[in-house]
Number of protein chains: 2
Amino acid sequence: MKVKLEDVAQLAGVSPTTVSRVLNNRGYISEKTREKVEQAIKDLNYYPNDIARSLFKKRTNFIGLILPTINNPFFSELALYIENICSNHEFKVILCNSLGQVAKETSYAEMLIRHQVDGIIVCSYNRGIEIYKNSKLPIVAIDHYLSPTIPVIGSDNYEGGRLAVQHLLNQGCKEIIHINGPSELETPTQNRRKAYEDQVAHPITYELNSVFDEEATAETIKKIFKEHPETDGIFASDDLIASTCLKVANELGIQVPNQLKVVGYDGTLSVRSLLPHLTTIKQPIEEIAQSAVLRLMDIINEVNKDERMEIILPVQLLENGTAELNG
Amino acid sequence: MKVKLEDVAQLAGVSPTTVSRVLNNRGYISEKTREKVEQAIKDLNYYPNDIARSLFKKRTNFIGLILPTINNPFFSELALYIENICSNHEFKVILCNSLGQVAKETSYAEMLIRHQVDGIIVCSYNRGIEIYKNSKLPIVAIDHYLSPTIPVIGSDNYEGGRLAVQHLLNQGCKEIIHINGPSELETPTQNRRKAYEDQVAHPITYELNSVFDEEATAETIKKIFKEHPETDGIFASDDLIASTCLKVANELGIQVPNQLKVVGYDGTLSVRSLLPHLTTIKQPIEEIAQSAVLRLMDIINEVNKDERMEIILPVQLLENGTAELNG
DNA sequence: ATGAAAGCGCTAACAG
DNA sequence: CTGTTAGCGCTTTCAT
């Protein structure tokens with residue numbers, strides 16, 4: 001059997017209450033008693049049962065993190081920062097990969113509620129998860145509008161789009177095409193598209209319906225070059241799509257940046273390391289993580305509960321080579 | 001207040017036991033009663049409290065996943081599969097990024113114990129975490145020997161090293177250099193090095209002491225070219241290192257694969273997508289995840305508890321271009 | 001400065 | 001087929 005608080009009390013010759021006091025540094029305890037108890041804890045190699053504690057306290061110090069897939073440079077970097085900040089605040093993270101499936105996401109949300117998590121950070125792509133709206137659970141969303149009562153953290157997507165397209169124009173591109181995810185998703189990401197459309201005379205956006213299917217992405221890109229051979233600039237809504245553009249261009253013998261300039265989006269550490277010459281818009285991922293966690297904790301602790309329903313952080317253009325002639 | 005089982009019982013006009021029976025499909029319940037209860041559950045929007053349930057059952061259905069950093073293609077892919085398989089088995093995953101720090105890893109392990117996780121999957125690089133050895137908790141390790149009682153899951157590192165070096169030799173390399181992590185870590189990864197040393201006449205291995213510091217890695221690689229300008233082949237112990245080799249070679253005007261051939265290791269989906277021409281050794285990451293989770297569940301459920309202390313899965317050479325003249 | 005007792009929300013004997 | 005009761009391990013009034 002696992003050793004429990006009562007065993008410690010017995011060995012130390014005190015009551016369970018006293019042991020609890022030592023554990024939590026609460027109330028008055030004589031130095032002698034404290035030492036006895038601490039010795040007993042060591043002797044028995046005792047670890048408090050946080051499940052029992054949570055049951056009593058109605059506070060688990062767990063938060064749920066729901067994202068489409070952790071196996072994506074943006075989400076894994078975000079998750080790293082989120083988990084780190086949480087761990088600094090004594091919070092623990094339950095990882096949920098929704099895989100873009102509504103059913104999965106719903107069942108994760110239910111699981112988290114049943115497990116009494118103190119809050120949830122959502123960065124999924126799914127719409128219409130009613131549970132988010134009905135539940136009184138503290139929730140913050142990253143880059144997605146889930147409901148009017150759920151704060152959104154994100155970066156300045158319009159400005160990011162503007163920077164990307166402006167850069168391509170500055171570099172002499174005449175025929176710029178935009179590639180983005182499905183437009184029916186209500187995500188601030190669509191602001192990248194809006195910025196693009198506001199800046200070019202005849203905007204042409206290609207929509208990907210499965211962002212995580214590289215084959216399909218490659219096919220779409222091939223279609224672009226077939227349907228619009230005059231294309232000399234591509235603004236991709238993320239770096240993975242941009243990377244696929246480079247690959248397809250390479251296969252087709254199109255030279256980058258001479259014949260085609262490409263700007264990506266996200267600027268994760270992984271992509272900057274693996275694809276150092278990709279010009280991209282860098283999101284402030286660490287700041288997004290920080291804001292999301294702090295905002296969530298505010299809601300959990302009921303401070304500034306209803307302030308700032310939207311936090312927008314600045315982005316940055318990284319000129320690395322795929323969109324510049326003189327690198 | 002949160003609605004609890006008792007509230008459901010009251011509304012349905014039955015005892016808490018009956019509600020519990022409906023919830024768990026245990027024992028005999030009349031159809032009428034079941035319907036009443038289910039209606040009450042719906043009306044109250046009731047979700048069972050898994051914390052209370054866990055306390056009673058002494059089973060949390062939580063497992064801890066300890067890895068150096070989720071922001072790494074290998075670990076994030078592994079984590080995706082692990083979490084997925086767990087979720088299929090009704091297990092939930094607590095994410096822990098040890099950041100390669102012994103203190104962090106120890107405190108994570110303690111946290112997991114206090115939270116009564118049913119088991120832990122460890123893929124960290126840290127040595128001498130005593131807690132793993134002392135605790136009676138079910139643990140499996142991925143690619144690391146933690147103690148004689150802890151099963152290890154990994155792929156065939158010696159064969160992987162052999163394949164990589166043999167390939168470089170077949171492609172005509174005369175002076176092959178190996179880059180690896182610190183040799184004092186007792187990881188099966190060192191078998192990649194051993195295979196290399198067994199196959200070349202005058203093995204030269206450069207050791208990185210901080211695998212996750214790209215700057216330092218780049219410096220080391222520059223040193224290689226300075227100290228051994230005759231180098232015409234590099235076998236890197238992971239793809240990120242290989243990628244840095246490509247970058248440095250590019251900066252130095254060394255042509256790949258003409259003047260220098262590079263073979264990496266891991267073959268993650270991310271790297272294959274971002275760096276499709278990198279020749280590498282592909283680890284069976286999904287199978288590793290599957291084996292680890294199933295082995296852990298066997299230990300948790302006390303079946304085949306002491307069988308198979310080491311599971312070694314096959315690897316595969318992916319010829320993509322950085323080590324072949326005719327691609 | 002310390003202890004006794006009640007209870008967090010749920011489940012599982014045991015009765016009936 | 002359903003209810004009563006005790007208890008999972010801990011914390012916290014309330015006494016003393």
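The rules behind the values
Residues numbered from 1 in each chain as written. Chains lettered and ligands numbered in written order. Predicted model: local features only at pLDDT ≥ 70, side-chain atom pairs only at ≥ 80, totals over all residues. Heavy atoms only, no water. Helix = DSSP H or I, 4+ residues; strand = E, 2+ residues; numbered from the N terminus. Rg over C-alpha atoms; globule rule 2.2 N^0.38 Å. Contact = heavy atoms within 4.5 Å. Areas by Shrake-Rupley, 256 points an atom, 1.4 Å probe, with all protein chains shown as cover. Lys, Arg positive; Asp, Glu negative; His and termini not counted. Charge placed at Lys NZ, Arg CZ, Asp CG, Glu CD. Axes fitted to C-alpha atoms, helices over the stretch in contact; angles between N-to-C directions. Parallel < 35°, antiparallel > 145°, perpendicular 65-115°, else oblique. Left-handed = near helix turned anticlockwise from the far one by under 90°. Least-squares fit on C-alpha atoms with pLDDT ≥ 70 in both. Salt bridge = Lys/Arg side-chain N within 4 Å of Asp/Glu carboxyl O. Domains from an automatic or database assignment. UniProt positions renumbered as here; feature names shortened; annotations may be inferred. Near = heavy atom within 4 Å. Polar contact = N/O pair within 3.5 Å; in protein donor to acceptor, adjacent residues only side chain to side chain. Nonpolar A, V, L, I, M, F, W, Y, C, P; charged D, E, K, R; others polar. Core = buried A, V, L, I, M, F, W, Y, C linked by side-chain atoms within 4.5 Å. Buried < 20%, exposed > 50% of the residue type's maximum accessible area, 1.4 Å probe, protein only. Pairing = 2+ DSSP bridges. Right-handed = clockwise from strand over helix to strand, strands pointing away. Buried area = accessible area lost by both parts, 1.4 Å probe.

Caption draft 1: The overall build of chain A, seen in detail. Each helix and strand in chain A was counted, giving 13 helices and 12 strands. Relative to the 2.2 N^0.38 estimate, which gives 20 Å for 327 residues, the radius of gyration of chain A is 25 Å and therefore markedly larger than a compact globule would have. By principal-axis analysis of the C-alpha atoms, chain A measures approximately 85 × 40 × 35 Å. At a minimum sequence separation of 6, the contacts of chain A that also span at least 24 residues come to 70%. Accessible area for chain A stands at about 14,600 Å²; split by element, carbon and sulfur atoms hold 47% of it. For chain A, the centre of its 33 positive side-chain charges and the centre of its 43 negative side-chain charges are spaced 9 Å apart.

Caption draft 2: Local environment of the packing of helix 8 (residues 157-170) of chain B against helix 9 (residues 190-199) of chain B. Residues and elements named next belong to chain B. In contact at an axis separation of 7 Å, helix 8 and helix 9 are set at 40° when each is read in the N-to-C sense. Classified by the interaxial angle, the pair formed by helix 8 and helix 9 is oblique. Read as a crossing pair, helix 8 and helix 9 show a hand that is right-handed. Taken together, the residues of helix 9 that come into contact with helix 8 (itself represented by Asn157, Tyr158, Gly161, Arg162, Val165, Gln166 and Leu169) are Asn191, Arg192, Lys194, Ala195, Tyr196, Asp198 and Gln199.

Caption draft 3: Molecular detail of the relation of the copies chain A and chain B. With an RMSD of 0.0 Å, the operation that places chain A on chain B is a rotation of 180° combined with a shift of 0.0 Å along the axis. Here the two chains are linked by the operation of a two-fold rotation axis. Considering only C-alpha atoms, the part of chain A nearest the rotation axis is Ile94 of chain A, at 2.3 Å. Take the interface residues of chain A: 100% of them recur as interface residues in chain B, which is what a same-surface contact looks like.

Caption draft 4: Fine view of the pattern of salt bridges. Going through the model one piece at a time under the given rule, you end up with 22 salt bridges over all chains. One salt bridge connects Glu38 of chain B with Arg34 of chain B, and the closest N-O pair in it is separated by 3.8 Å. Taken together, the positions of Glu38 of chain B and Arg34 of chain B, both in helix 3 (residues 31-44) and 4 residues apart, correspond to about one turn of that helix. The salt bridge partner of Asp198 of chain B is Lys194 of chain B, with a shortest N-O separation of 3.5 Å. In this pair, Asp198 of chain B and Lys194 of chain B both sit in helix 9, 4 residues apart, roughly one turn of the helix. By sharing partners, the salt bridges in this structure join Asp50 and Arg53 of chain A together with Arg114 of chain B into a single network.

Caption draft 5: The arrangement of the domain arrangement of chain A in detail. Along its sequence, chain A is carved into domain 1 (5-48), domain 2 (62-154 + 285-313) and domain 3 (157-284). Computed from C-alpha coordinates alone, the two centres of domain 1 of chain A and domain 2 of chain A are separated by 37 Å.

Caption draft 6: Main features of the UniProt feature "domain: HTH cro/C1-type" (unreviewed entry) in chain A. UniProt's feature table lists "domain: HTH cro/C1-type" (unreviewed entry) at residues 5-47 of chain A, given in the numbering used throughout. In the segment residues 5-47 of chain A, helix accounts for 72% and strand for 0%; the C-alpha atoms at its two ends are 9 Å apart.

Caption draft 7: Structural view of the protein's contact with DNA strand C. In the region of DNA strand C, 26 residues are neighbours, and Arg21, Thr33 and Lys58 of chain A together with Leu5 and Tyr46 of chain B sit closest. When atoms of DNA strand C within 4 Å of the protein are sorted by moiety, sugar and phosphate together comprise 68%. Within the side chain of Thr17 of chain B, one N or O atom sits 3.0 Å away from a base nitrogen of DNA strand C. Here a phosphate oxygen of DNA strand C and a side-chain polar atom of Arg26 of chain B are 3.0 Å apart. Broken down by class, the residue content of the surface near DNA strand C amounts to 10 nonpolar, 9 polar and 7 charged.

Caption draft 8: The arrangement of unusual backbone geometry in detail. Here the bond from Val256 of chain A into Pro257 of chain A is cis, since omega is 5°, no more than 30 degrees from zero. By the element assignment, Pro257 of chain A lies in the loop between helix 11 (239-251) and strand 9 (261-266). Phi angles above zero are rare outside glycine, and Lys58 of chain B is one such case at about 55°. The residue Lys58 of chain B is located in the loop between helix 4 (50-57) and strand 1 (62-67) in this model.

Caption draft 9: Layout of the nonpolar core. Residues Leu78 and Ile121 of chain A together with Leu78 and Ile121 of chain B are the most contacted members of the largest nonpolar core, which totals 64 residues. Once you skip the residues sitting within four places of it in the chain, Ile121 of chain A turns out to touch Ile63, Gly64, Leu65, Ile66, Ile82, Val140, Ile142, Ala292, Val293 and Leu296 of chain A. Listed in part, the 44 residues of the second largest apolar core include Tyr206, Ile221, Ile224 and Ile241 of chain A.

Caption draft 10: Geometry of the environment of Ala218 of chain A. Residue and element names in this part refer to chain A. Relative to the helices and strands, Ala218 is located in helix 10 (residues 214-227). Separated by 10 residues in the primary sequence, Ala218 and His228 place their C-alpha atoms 15 Å from one another. Once residues within four sequence positions are removed from consideration, Ala218 is found in contact with Thr244 and Val248.

Caption draft 11: How the structure looks around the pairing of strand 10 (residues 279-282) of chain A. Residue and element names in this part refer to chain A. Note: strand 9 against strand 10, 4 bridges, orientation parallel. Within the sheet, the bridge partner assigned to Gly264 lies in strand 10 and is Thr280. The parallel pair strand 9 and strand 10, bridged by helix 12 (residues 269-274), forms a crossover whose chirality is right-handed. As paired elements, strand 10 and strand 12 (residues 316-318) share 3 bridges and run antiparallel to each other. By the bridge assignment for strand 12, Ile281 is matched with Leu317.

Caption draft 12: Broad picture of the UniProt feature "domain: HTH lacI-type" (unreviewed entry) in chain A. Residues given the UniProt feature "domain: HTH lacI-type" (unreviewed entry) here are residues 3-57 of chain A. For residues 3-57 of chain A, the helix share is 71%, the strand share is 0%, and the end-to-end C-alpha distance is 21 Å.

Caption draft 13: Inspection of the interface of chain A and chain B at higher detail. Between chain A and chain B, the contact holds 53 residues from the first and 53 residues from the second. Among the residues of chain A in contact with chain B, Ile51, Arg114 and Leu274 of chain A are the three that bury the most area, contributing 15% of the side total. Taken together, the links from chain A to chain B amount to 2 salt bridges. With its nearest N and O atoms 3.7 Å apart, the salt bridge here joins Arg114 of chain B to Asp50 of chain A. Considering each element in turn, the side of chain A that touches chain B owes the most residues, 8 residues, to helix 5 (residues 73-88) of chain A.

Caption draft 14: A look at the sheet that holds strand 11 (residues 310-313) of chain A. As summarised here, the arrangement of the 12 strands in space is 11(A)-5(A)-4(A)-3(A)-1(A)-2(A)-2(B)-1(B)-3(B)-4(B)-5(B)-11(B), forming an open sheet in which the pairing is mixed. The open sheet terminates on both sides in strands that have one partner only, identified here as strand 11 of chain A together with strand 11 (310-313) of chain B. Neighbour-to-neighbour, the strand axes of the sheet open up by a mean angle of 20°, direction not taken into account. As paired strands, strand 5 (residues 152-155) of chain A and strand 11 of chain A are joined by 4 bridges and run parallel to one another. Across the sheet, the residue bridging to Ser155 of chain A is Leu313 of chain A, located in strand 11 of chain A. On top of the sheet, helix 6 (residues 102-114) of chain B reaches strand 2 (92-97) of chain A together with strand 1, strand 2 (92-97) and strand 3 (119-122) of chain B; it is set at about 160° to strand 2 of chain B, its chief contact.

Caption draft 15: Examining the protein's contact with DNA strand D more closely. Taken together, 25 residues surround DNA strand D, and among them Leu5 and Tyr46 of chain A together with Arg21, Thr33 and Lys58 of chain B come closest. Of what DNA strand D places within 4 Å of the protein, 69% of the atoms are sugar or phosphate. In the environment of DNA strand D, a phosphate oxygen lies 3.0 Å from a nitrogen or oxygen atom belonging to the backbone of Ser15 of chain B. The contact in question runs from a base oxygen of DNA strand D to an N or O atom on the side chain of Arg21 of chain B, over 2.5 Å. The set of elements that each furnish at least two residues to the surface near DNA strand D consists of helix 2 (16-24) and helix 4 (50-57) of chain A together with helix 2 (16-24) and helix 4 of chain B. In terms of residues, the surface near DNA strand D owes the most to one element, helix 4 of chain A, which gives 4 residues. For the surface near DNA strand D, the class distribution of residues is 10 nonpolar, 9 polar and 6 charged.

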